[in-house]
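# Coordinate inspection notes
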Amino acid sequence: MKSKSLSVLAVASAAALFLAGCASTEGETTTPAATETTTTTTTEAAGSLLDSVIAAGSVRCGTRDALPGFAVLNDAGEHVGFDSDFCRVIAAAVLGDATAVEMIDLETADRFTALQSGAIDVLVRNTTWTATRDGSEGANFLQPTFYDGQGMMVTSDSGYNTIAAMDGAIICVAKGTTTEGNAALESSRLGLDWEIRSFDETDLILEAFLAGQCDGWSSDVSQLTGLRSAYPNGSEALTILPEVFSKEPLAPAVLDGDTAWAQAVNWAILATIQAEEFGITSANVDSIRDTTEDVGILRFLGAEVPGSDGAAVLDPNLSLPTDFAYQVVKQVGNYGEIFARHLTPLGLDRGLNSLWNAGGILYAPPYR
């Protein structure tokens, strides 16, 4: 597995060329219908990114390297975490090899530029699916991997035990994220006079927080939990307040206009959810495939299904190998395994991220 950081300048330059190629000259009149037709024709002529990924033999996954639980570098320089494993899920499904992935570390401000420029194939980096991002960033958001919400973290000796008590507080957030707007709205809703300070990088917020320049640190609860676990003064020095004041579905994204690639990535993710519902794990997938008579499971794993006219393997025409779900579960695991491996140790509960039949909202469409 390869890992590298993407130069901001390189990404920005590539994006500029990409956007320039798509822009109309001044005074030119182009109807929306004509623009749409041209874009569709170009995409069809160029073929799907899925073909390019298969030809390259590797998935370029836009991620990060410093969020405990989701994506960090271990002592061996390898990406470890919940998001990192979903990059591997995609590689296992498309290429049959979970290690055939190039992890490309992106700063927050560079996420969509990298996607638009073609510097990455898929973005899997704790990114919230919103209407504006879906419509304005050239991004096609897929099945959320984690349903989250925004919260507030304070020092344990701050005296704050609710957000409503934080009138006049200085709240620090990451620039270019949904947390900026959410914090402003929550301050207004509660009638609190907050000074909201934005920082380009998480490390800068940490420095400001340690220096006492922030009364509160607001972000997704999952991110706060991960950052709290690695706090230099110990996790007990910080408290995450109980209120959650936004919806933050964290979802992978691909570039708009490529149905085949979007379907491949989406069904790779869905395979982890369905596998957990079936009770299929990385440890038992082989024995289940060899012994089960459940037609639904046989179809799901790409095994032969007996019929009156002989055995056959279901091919749903997703441009994926018929055993893609088997490869995902065997090499990476089901959703519950991935969650337990990386997020449970942080103290995160499944909550909304439980299966639909266990009190949560995770739900995979039928595989038939």
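Residues numbered from 1 in each chain as written. Predicted model: local features only at pLDDT ≥ 70, side-chain atom pairs only at ≥ 80, totals over all residues. Heavy atoms only, no water.

### Let's talk about the side chain of Asp 121
- In this structure, Asp 121 sits in the loop between α5 (111–117) and β7 (122–123).
- The class for Asp 121 is buried, based on a relative accessible area of 3%.
- If we ignore the near neighbours within four places in the chain, the residues touching Asp 121 are Leu 49, Val 53, Ser 58, Val 59, Arg 60, Leu 115, Val 254 and Trp 261. (Helix = DSSP H or I, 4+ residues; strand = E, 2+ residues; numbered from the N terminus. Buried < 20%, exposed > 50% of the residue type's maximum accessible area, 1.4 Å probe, protein only. Contact = heavy atoms within 4.5 Å.)

### Some details on the state of the cysteines
- This model, assessed by the stated rule, comprises 2 disulfides.
- Here Cys 61 engages in a disulfide with Cys 87; their sulfurs sit 2.0 Å apart. Given an S-S torsion of about -65°, the disulfide between Cys 61 and Cys 87 has left-handed geometry. With a gap of 26 residues between them, Cys 61 in strand β2 (residues 59–63) and Cys 87 in helix α4 (residues 82–95) connect regions that are remote in the sequence. Per residue, the accessibility class of Cys 61 equals that of Cys 87, and both read buried.
- Linked covalently through their sulfurs, Cys 172 and Cys 214 form a disulfide whose S-S length is 2.0 Å. As the torsion about the S-S bond is roughly -90°, the Cys 172-Cys 214 disulfide counts as left-handed. (Disulfide = S-S within 2.5 Å.)

### Topic: the confidence of the model for the chain
- Per-residue confidence for the chain gives a mean pLDDT of 88, with 88% of residues at or over 70.
- Here residues 7–45 is a poorly scored stretch, pLDDT under 50, and it has 15 contacts once near neighbours within four places are set aside; other chains count. (pLDDT = per-residue confidence, 0-100.)

### A word on the pairing of strand β11 (residues 170–174)
- Counted residue by residue, β11 has 5 buried out of 5 residues, so it is predominantly covered.
- Burial of β11 is two-sided: the residues Ile 170, Cys 172 and Ala 174 facing one way and the residues Ile 171 and Val 173 facing the other way are all buried.
- Regarding the hand of the β-α-β motif, the stretch spanning β11, helix α7 (residues 178–190) and strand β12 (residues 195–199) is right-handed.
- Of the pairings in the sheet, the one linking β11 to strand β13 (residues 216–220) comprises 2 bridges and is parallel in character. Within β13, the residue paired with Cys 172 across the bridge is Trp 217. (Right-handed = clockwise from strand over helix to strand, strands pointing away. Pairing = 2+ DSSP bridges.)

### Considering the packing of α4 against helix α14 (residues 335–342)
- As a packed pair, α4 and α14 sit with axes 9 Å apart at the nearest point and diverge in direction by 145°. Helix-helix and strand crossings are classified by hand; for α4 and α14 the assignment is right-handed. Taken together, the residues of α14 that come into contact with α4 (itself represented by Phe 82, Asp 85, Phe 86 and Val 89) are Tyr 335, Ile 338, Phe 339, Arg 341 and His 342.
- Along the lines of polarity and charge, the residues of the contact of α4 with α14 split into 6 nonpolar, 1 polar and 2 charged. (Axes fitted to C-alpha atoms, helices over the stretch in contact; angles between N-to-C directions. Left-handed = near helix turned anticlockwise from the far one by under 90°. Nonpolar A, V, L, I, M, F, W, Y, C, P; charged D, E, K, R; others polar.)

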